[in-house]
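What the coordinates show
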Amino acid sequence: MLKVIQMVMLFMSTLYLGLIVILFFVKKRVSNDDTEIYKKMLITNLNAIIIEFILYMTGNTSLVKDGIGLSLFLILSKLFVGIVVGWFILIAKYTLLICDKARNNKLSALQNKKKLNNIINISYIIVLIIILLLPVKFILLDNGATGYTQGPATSFAAILIMGLCVFMLIELIRARKKLNSKEFTPIIILLILMLISTSIQTSNPQLLLFNPVMALVMVIMYFTIENPDIKMIEQLDIAKKQAEKANKAKTEFLSNMSHEIRTPLNAIVGFSECMLEAKDLSEETKGFAKDIVDASNNLLEIVNGILDISKIEANKMEIILKEYNPREVFNSLCKLVIPRIGEKPIEFKYTYSEDLPGILKGDVAKLKQIILNILTNAAKYTDKGEINFNVNCINRMDTKTSLLYISVKDTGRGIKKENLDKLFNKFERIDEDKNTTIEGTGLGLAITKSLTEMMGGRVNVFSKYGEGSTFRIYLEQEIISMEIPESKTEEIEIDYNAFSGKKILVVDDSKINLKVAENVLKPYHFDIVSVTSGMEAIEVCGEKTFDLILMDIMMPKMNGIEVLNKLKEIPGFNVPVIALTADAIEGTDEKYKNAGFDEYLSKPIDRYLLNKILTKFLK
Ligand code: ADP
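A quick note: this is a predicted structure, and the numbers were derived from the prediction, not measured. (Residues numbered from 1 in each chain as written. Predicted model: local features only at pLDDT ≥ 70, side-chain atom pairs only at ≥ 80, totals over all residues. Heavy atoms only, no water.)

Right, let's get into the overall build of the protein chain. Along the backbone of the protein chain there are 18 helices and 14 strands. A globule of 619 residues ought to have a C-alpha radius of gyration of about 25 Å, yet the protein chain, at 39 Å, is considerably larger. Dimensions of the protein chain, computed from C-alpha atoms along their principal axes, come out at roughly 115 × 65 × 50 Å. Within the protein chain, contacts between residues separated by at least 24 positions form 73% of all contacts whose residues are at least 6 apart in sequence. (Helix = DSSP H or I, 4+ residues; strand = E, 2+ residues; numbered from the N terminus. Rg over C-alpha atoms; globule rule 2.2 N^0.38 Å. Contact = heavy atoms within 4.5 Å.)

Next up, the structure:
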């Protein structure tokens, strides 16, 4: 009977361990620390089964009666015991690893891993030597079953195994709260299983329980904590979280960087514009001031380009649909490009198709950005000849859509065939040697392409090196009306006397920014009060009434939004408050309006936008 039990045990453990070994090694798996230990446990278990098989086959034969046969048999038996201890050390290490990971919330856990591994390995070698040195007796069974070994070596191993189980139990209890139940439950069940079987095995050494229990543990682990599919998903999840974290850090960095760069730029542009308007300066000095303004605007363009790319990559660019008059939009773009052509002998021509609808709906801000990029490039990379800006369209009244077909053709330097593919890559500039005098970052066309595609459009380019290029954009927009509205003449002329005497409060922690704001507001003959903190702003609003407040956002102690909330607590407070900030990340406009501001003005202050806002709130 015992012989049959022994055989069944051995057969079963061989069968299911074999299956798990095949599954484990055939299936694609992640390689991390705990899986590596699991792999070693599988191999150890396999070795234990092979040795036990040899012991089983030879245990009750005449081969092991005495002499060399018996000595070899005893050595093999001790080796088996040593391997079982090794397996328990591995599972204890596995437990230690996952408990440590859970406690420290670290991805690669266990600091000084190398040192720990060395200690474990050396201890294991010492244990093996002790087991091999300690004596054992071979107890032969007379019922035909395989005999077993007993003596100090096996007792020493049993004590070690019990000790390891207790260590695991303590580790699990310590990390109980941090471990999730998917990890905690299987390990605790396995531990109980091991404790029970070790005590049964110690009191009934003839049972040969270790291998079946070890194999069962391997099976349970494979289908729970060591499941390669779950592990793979977990790893992907970790990688995804890390990538998201890195991306967030990048966006935050860019947002901060833009703020840091825009703040001093605000001062540079502001003061240079004041110099341009000053009466007592020489034409030469004014020329320098104009150059400063131009250079600062270029720098601003670069900062904005980097911000746009980061937003596109973080999928944060939103499509904001608005109704617009296409003729007005295209005219305004032409007005912006003409100064970029400057003194160069270039004829700038623009034509719009006659059936261009009167009012369209689409993301007009992005449309402007796309066309402006291409027009600016044409102006930048053409030295003489012509730039042709054409807008054609195909209107479909059944779907109420207009397919815009926008082309910008220049007689510039053109692009080599082999470079056409690289054109839309970010940070890729072509013909670097010729580009040295032309400012740019190589971001413009990458942004143009991404934005066009985001809106469901397409952009392509035809070019002949040395002769010129044609950029074409195809973009569908919704038709709101075919009728051309009466065009409003833009108020280019600012009327500085329209609001004289109005009381304005400016809040900014930076003294230099306050000075810029005061200078920009000076021509209006306002009654200006400037304060450098939110506390002062609240105080002064309690004492005086204002017609408008310009409020910086990023201020120490109390930021602009907090100040606004406090101001709104003042009974009867209804002064328009304009957010004034160097923050230029997407959604800023909405963010500040949602926070309760009446408008939003980005630094450096654009005089026309400022005038528009002043007109809206002070007239
Ligand atoms: P940037 O102009 O900032 O360098 P872009 O992404 O707008 O970056 O353009 C990438 C490159 O494509 C430019 O460096 C330039 O060499 C080339 N390029 C763009 N537009 C034209 C054009 N109209 N004619 C000739 N080359 C052009």
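Attention shifts here to the side chain of Asn 611. Along the chain, Asn 611 falls in helix H18 (residues 607-618). Residue Asn 611 is classed as buried on the basis of its relative accessible area of 6%. A distance of 2.8 Å separates a polar atom in the side chain of Asn 611 from a polar atom in the side chain of Tyr 524. (Buried < 20%, exposed > 50% of the residue type's maximum accessible area, 1.4 Å probe, protein only. Polar contact = N/O pair within 3.5 Å; in protein donor to acceptor, adjacent residues only side chain to side chain.)

One can find Leu 70 in helix H3 (residues 67-104). Leu 70 gets classed as partly exposed once you look at its relative accessible area, which sits at 22%.

Bringing the site of the ligand into the picture now. Of all residues adjacent to the ligand, which total 21 residues, the nearest are Asn 377, Tyr 381, Asp 410, Arg 429 and Leu 445. In this structure, an oxygen atom belonging to the ligand sits 2.7 Å away from a main-chain N or O atom of Leu 445. Between the ligand and Ser 469 there is a distance of 3.5 Å, counted from a nitrogen atom to a side-chain nitrogen or oxygen. Relative to its unbound accessible surface of 530 Å², the ligand loses 97% to contact with the protein. (Near = heavy atom within 4 Å. Areas by Shrake-Rupley, 256 points an atom, 1.4 Å probe, with all protein chains shown as cover.)

All right, on to unusual backbone geometry then. The phi torsion at His 525 lies on the positive side, around 55 degrees, for a residue other than glycine. Among the secondary structure elements, His 525 is positioned in the loop between helix H14 (511-521) and strand S11 (527-531). We classify His 525 as partly exposed; its relative accessible area is 47%. In the Ramachandran plot, Lys 557 falls in the positive-phi region, its phi being about 70 degrees despite a non-glycine side chain. Along the chain, the position of Lys 557 falls in the loop between strand S12 (548-552) and helix H16 (560-568).

Let us now look at the packing of helix H15 (residues 534-543) against H16. Orientation of H15 relative to H16, taken along the N-to-C sense of each, is 20 degrees, at an axis distance of 10 Å. By the angle between their directions, the pair H15 and H16 is classed as roughly parallel. Crossing of H15 against H16: the hand is right-handed. The segment H15 lies against H16, with Gly 534, Ala 537, Ile 538 and Cys 541 engaging Val 563, Lys 566 and Leu 567. Classifying every residue of the contact of H15 with H16 gives 5 nonpolar, 1 polar and 1 charged. (Axes fitted to C-alpha atoms, helices over the stretch in contact; angles between N-to-C directions. Parallel < 35°, antiparallel > 145°, perpendicular 65-115°, else oblique. Left-handed = near helix turned anticlockwise from the far one by under 90°. Nonpolar A, V, L, I, M, F, W, Y, C, P; charged D, E, K, R; others polar.)

Attention shifts here to the side chain of Asn 32. Along the chain, the position of Asn 32 falls in the loop between helix H1 (2-26) and helix H2 (33-58). Looking at Asn 32, its side chain comes within polar contact range of the side chain of Thr 35, at 2.8 Å. Once residues lying within four places of it in the same chain are set aside, the contact partners of Asn 32 are Lys 231 and Gln 235.

Under the criterion given, the structure shown has 14 salt bridges. Among the salt bridges present, the one from Arg 607 reaches Glu 277, with a minimum N-O distance of 3.5 Å. Residue Arg 607 is located in helix H18, and its partner Glu 277 is located in helix H8 (residues 228-277); the two are separated by 330 residues in the primary sequence. (Salt bridge = Lys/Arg side-chain N within 4 Å of Asp/Glu carboxyl O.)

For the protein chain, the domain assignment lists domain 1 (2-228), domain 2 (232-313), domain 3 (326-481) and domain 4 (496-618). In this structure, domain 2 and domain 4 have C-alpha centres spaced 22 Å apart. The partner domain 4 presents 18 residues to the 19 residues of domain 2 that form the contact. The junction of domain 2 with domain 4 conceals about 1700 Å² of combined surface from both sides, 63% of it contributed by carbon and sulfur atoms. Our enumeration of links across domain 2 and domain 4 arrives at 2 salt bridges. Between the two partners, domain 2 and domain 4, sit 1 residue pair in polar contact (both at pLDDT 80 or more). Of all elements in the fold, only H8 and helix H9 (283-313) reach the threshold of two or more residues within the side of domain 2 that touches domain 4. The leading source of residues in the side of domain 2 that touches domain 4 is H8, at 15 residues. Counted by class, the side of domain 2 that touches domain 4 contains 7 nonpolar, 8 polar and 4 charged residues. (Domains from an automatic or database assignment. Buried area = accessible area lost by both parts, 1.4 Å probe.)

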